[in-house]
Amino acid sequence: MTPNPWKVAAWTSLAWLAVLGLTVVGFMAVLERQDRQLELLLERNAPASQAP
């Protein structure tokens, strides 16, 4: 029994989409964490930069 090439292509595409989705979610989480760290750093340095 030979596998249906369309089913193989569909499952392969689904697997790659899942990997891509996980990569995007991880990347967005890292960006969110970096954004929070930058906000904290800017808040910490804001009063010192406003002094004459």
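Residues numbered from 1 in each chain as written. Predicted model: local features only at pLDDT ≥ 70, side-chain atom pairs only at ≥ 80, totals over all residues. Heavy atoms only, no water.

S.K.: An account of the overall build of the protein is requested, with residue identities and associated values reported.
M.R.: Tallying secondary structure elements over the protein gives one helix and zero strands in all. The proportion of buried residues among the 52 residues of the protein is 0%. In the form shown here, the protein has an accessible surface area of approximately 5100 Å², with 71% of it arising from carbon and sulfur atoms. (Helix = DSSP H or I, 4+ residues; strand = E, 2+ residues; numbered from the N terminus. Buried < 20%, exposed > 50% of the residue type's maximum accessible area, 1.4 Å probe, protein only. Areas by Shrake-Rupley, 256 points an atom, 1.4 Å probe, with all protein chains shown as cover.)

S.K.: How would you explain a nonpolar patch on the surface if you had to name every residue and give the values?
M.R.: Together, L17, L20, V24, F27, M28 and L31 make up a nonpolar patch on the protein surface, roughly 600 Å² of accessible area in all. The residue L17 is located in helix α1 (residues 5-50) in this model. The exposure class of L17 is exposed, given its relative accessible area of 56%. (Patch = residues over 30% accessible without salt bridge, like charges linked within 9 Å, V, L, I, M, F, W, Y side chains within 5 Å. Salt bridge = Lys/Arg side-chain N within 4 Å of Asp/Glu carboxyl O.)

S.K.: Go over a negative patch on the surface with me, naming the residues and quoting the values.
M.R.: Judged by side-chain charge, E32, D35, E39 and E43 come together as a negatively charged surface patch. Inspection of the secondary structure assignment puts E39 in helix α1. Owing to a relative accessible area of 43%, E39 belongs among the partly exposed residues under this scheme. (Lys, Arg positive; Asp, Glu negative; His and termini not counted. Charge placed at Lys NZ, Arg CZ, Asp CG, Glu CD.)

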